[in-house]
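Single-letter residue listing:
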Amino acid sequence: LARWQRCAERSVEAHGMTPEGDGGREDEIHHGHGRGVPSSVILRVALPLISTQFSWAVQSAFATTLFKQLGATQRDLSYLRVPGPVTGLFVQPLSGAFTDYTGFRWRPIIVLACTSLCACGFLVLPLGEKNRSIPLVFLGFCVIDVSFNAADAMVRVLVADITEPRRLPLANSIVSGALGAGQLLGFASGAAGEWLSRALGGRSITSLSFACLTGLCLLVACDLAFLTACRSKAFPKKSSGGRYEALGDDGAPEEAETTELVGRPGREPSRSIGFGVLWRRPWMRRLCVMNFAAWLAWFSFIYFAPDFLGVVVMGGDPHAEPGTPPHDRYDKAQTIYSASQALAAALMLSFSAVVPRLVRRFGLRRMMGASSIALATLLGAASLLRRGDEVPSFILFALTGIPWSMTMSLPYTVVSQLSSEHERGRLMGCLNVFIVLASFASLALVGATGASSEKMLNVGAASGLVAGLLFLTCKIDDSV
């Protein structure tokens, strides 16, 4: 991760996006720390996302298949997987509003509270699996959902707070890399869990139990590194980063045109917990609608790809008796899916290092469009898979790591560039509300129609294509 971070920083520096050279004075004015907060500090601030994203990877790898093996049907998934959308709908906006109200100094404490919740989820899940209890498994995933939804918003806001404007692409690339590292470790743990559990004690330790134990150890290590960053001398005492300023014809900031998303220019932004004034911004509406379509494609993949692999490609049956060939084939599909997503996370981690360069060359909007169209192509190709196509399906699902690296960073870069400290939390919350609505739409479609996992991948392909065309043809903002 450190090598990747240095590679990303060199890529950004090569295109004049760091505070060095001509941009150094502007960044000193904006941030008040000369050369700005060191990239190593930004990296350590982003580390809690590794542990919380690890928990997300464990949920993605195990939730659908585990619920089905405990007796759930396809329609049951419409409410058993609903904790994610529900918590995202309320947790991210409220946590964003709360951190706007309490201010910069409380944000590190909130991040640590979120990771503590994640630890509770890691403890509950193995108990639910051992007792074959759907309610306990459901509770464990609920706690994890609350944790990584809140942590994702808080860390993104905190990183934007301590980063000067010209380095925001690098900072969001570091966040994307931390997410990728968490996914890589989580999915790799799920893929290798069965073999490692036997080496550590046999069948008494399941793959899920091993993954949760690994997640707890990783969480403690990441939180300690986060604490050292927040207590270091390089960590700012107050926020002055991430504020976007419109530039005049001569390239100088125009004070009268400073982008204020709440209130009027020249006034202190409102700290009230309200989202209506943010939603009335035209660029925010456009970004949220486009991101909704992109995430509808992603949720169609995240929720239903493991089951598609188990039923269509492997010919397994989640409701078969344990020890029978159909049950074993379905179990094997979960391992293949975890391995493919571990490789996808590695691709995400590698590709994130070049995202700032691509953004510099082609622009944010074009790269977001390319990301959605790439996902649509991969999901459309999945409809060509047939039973026994294990290697093609592995390669196809692994390639999703490339568009995933852009989805997890570029929309947040837009919000970071167009926001100030006092609105950033609520703006991130608004953006994530529409991600949550996409999740609701995907689950509601399954609950209403009982659509198979194969059909849901086709829905995702169509939605991704629509999102890509919207990104490419509709302007978000003059500066994007």
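On a predicted model such as this, the values are computed, not experimentally measured, just so you know.

Details of the overall build of the chain
Of the regular secondary structure elements, the chain holds 20 helices and 0 strands. Out of the 480 residues in the chain, the part that is buried amounts to 59%. A sequence separation of at least 24 residues applies to 82% of the contacts in the chain between residues at least 6 apart. Per element, the accessible surface of the chain, about 18,800 Å² overall, is 61% carbon and sulfur.

Observations concerning the pattern of salt bridges
One side chain can pair with another of opposite charge once the charged atoms of both are near each other. With the rule as written, the count across this model stands at 3 salt bridges. Note that K68 and D307 form a salt bridge whose closest N and O atoms lie 3.1 Å from each other. Here the residue K68 occupies a position in helix α4 (residues 48-69), and D307 occupies one in helix α12 (residues 282-313), the gap between them amounting to 239 residues. The two residues K68 and D307 agree in class, both being buried. With a closest N to O distance of 3.7 Å, K332 and E390 form a salt bridge. Of this pair, K332 sits in helix α13 (residues 325-352) while E390 sits in helix α16 (residues 390-398), and the two are 58 residues apart along the sequence. Its relative accessible area of 28% is what places E390 among the partly exposed residues.

A word on the nonpolar core
If you look at the biggest cluster of nonpolar residues, it comprises 127 residues, and the most contacted ones within it are V45, W283, F301 and F397. Top contributing element to this core by residue count: α12, with 20 residues. In contact with V45, other than residues within four places in its own chain, are V155, L158, V159, I162, F226, A229 and F235.

Regarding helix α18 (residues 410-417)
In terms of residue burial, α18 counts as a mostly covered element, since 8 of its 8 residues are buried. Where α18 is concerned, the buried positions are L410, P411, Y412, T413, V414, V415, S416 and Q417.

Things to note about the packing of aromatic side chains
On inspection of all chains with the given rule, the structure shows 15 aromatic pairs. An aromatic cluster is present here, built from W56, F187, W295, W298, F299, F301, Y303, F304, F308, Y337, F397 and W404 joined pairwise through their rings. Here the guanidinium or amino end of R156 rests over the ring plane of Y412, the centre of that ring lying 3.5 Å away.

Some points on the packing of α4 against α13
Closest axis-to-axis distance for the α4/α13 pair is 9 Å, and the angle between their directions is 165°. One element, α4, and the other, α13, form an angle in the roughly antiparallel class. The chirality of how α4 crosses α13 is right-handed. Seen from α4, the contacting residues are S60, A61, F62, T65, K68 and Q69; seen from α13, they are H327, Y330, D331, Q334, Y337 and S338. For the contact of α4 with α13, the class distribution of residues is 4 nonpolar, 6 polar and 2 charged.

Considerations on the environment of V146
Checked against the element boundaries, V146 lands in helix α8 (residues 134-162). For V146, a relative accessible area of 25% corresponds to the partly exposed category. Measuring from C-alpha to C-alpha, the distance between V146 and P85 comes to 10.0 Å, with 61 residues separating the pair along the chain. Beyond its immediate sequence surroundings of up to four residues, V146 is in contact with T87, V91 and L117.

Topic: the side chain of T115
Positionally, T115 belongs in helix α7 (residues 107-130). The buried category is assigned to T115, whose relative accessible area is 0%. Reaching out from T115, the side chain makes a polar contact with the side chain of D223 at a distance of 2.8 Å. The contacts of T115, once residues within four sequence positions are left out, are P48, S51, T52, S147, L219 and D223.

Side note on empty space enclosed by the protein
The final tally for this structure, using the stated rule, is 4 cavities of 30 Å³ or more. For the largest cavity, the lining is made up of 27 residues, of which W56, F148, N149, W295 and F299 are closest to its centre. Breaking the lining of the largest cavity down by element, the ones donating at least two residues are α4, α6 (83-102), α8, α12 and α19 (421-449). Taken as a whole, the second largest cavity holds about 90 Å³ of empty space. What lines the second largest cavity is simply W56, Q183, F187, W298, F301, I302, Y337, Q341, A344, T400, G401 and W404. Counting only elements with at least two residues in the lining of the second largest cavity, the list comes to α9 (168-201), α12, α13 and α17 (401-407). Tallied by class, residues from the lining of the second largest cavity come to 8 nonpolar, 4 polar and no charged.

So, how was this worked out
Residues numbered from 1 in each chain as written. Predicted model: local features only at pLDDT ≥ 70, side-chain atom pairs only at ≥ 80, totals over all residues. Heavy atoms only, no water. Helix = DSSP H or I, 4+ residues; strand = E, 2+ residues; numbered from the N terminus. Buried < 20%, exposed > 50% of the residue type's maximum accessible area, 1.4 Å probe, protein only. Contact = heavy atoms within 4.5 Å. Areas by Shrake-Rupley, 256 points an atom, 1.4 Å probe, with all protein chains shown as cover. Salt bridge = Lys/Arg side-chain N within 4 Å of Asp/Glu carboxyl O. Core = buried A, V, L, I, M, F, W, Y, C linked by side-chain atoms within 4.5 Å. Phe/Tyr/Trp six-rings, centres within 6.5 Å; stacked < 30°, edge-to-face > 60°. Lys NZ or Arg CZ within 6 Å of the ring centre and 35° of its normal. Axes fitted to C-alpha atoms, helices over the stretch in contact; angles between N-to-C directions. Parallel < 35°, antiparallel > 145°, perpendicular 65-115°, else oblique. Left-handed = near helix turned anticlockwise from the far one by under 90°. Nonpolar A, V, L, I, M, F, W, Y, C, P; charged D, E, K, R; others polar. Polar contact = N/O pair within 3.5 Å; in protein donor to acceptor, adjacent residues only side chain to side chain. 1 Å grid on protein atoms, 1.4 Å probe; cavity = no way out; pocket = protein on both sides within 12 Å on 5 of 7 lines; lining within 4 Å. Points joined across faces, edges and corners; volume = space filled by probe spheres on them.

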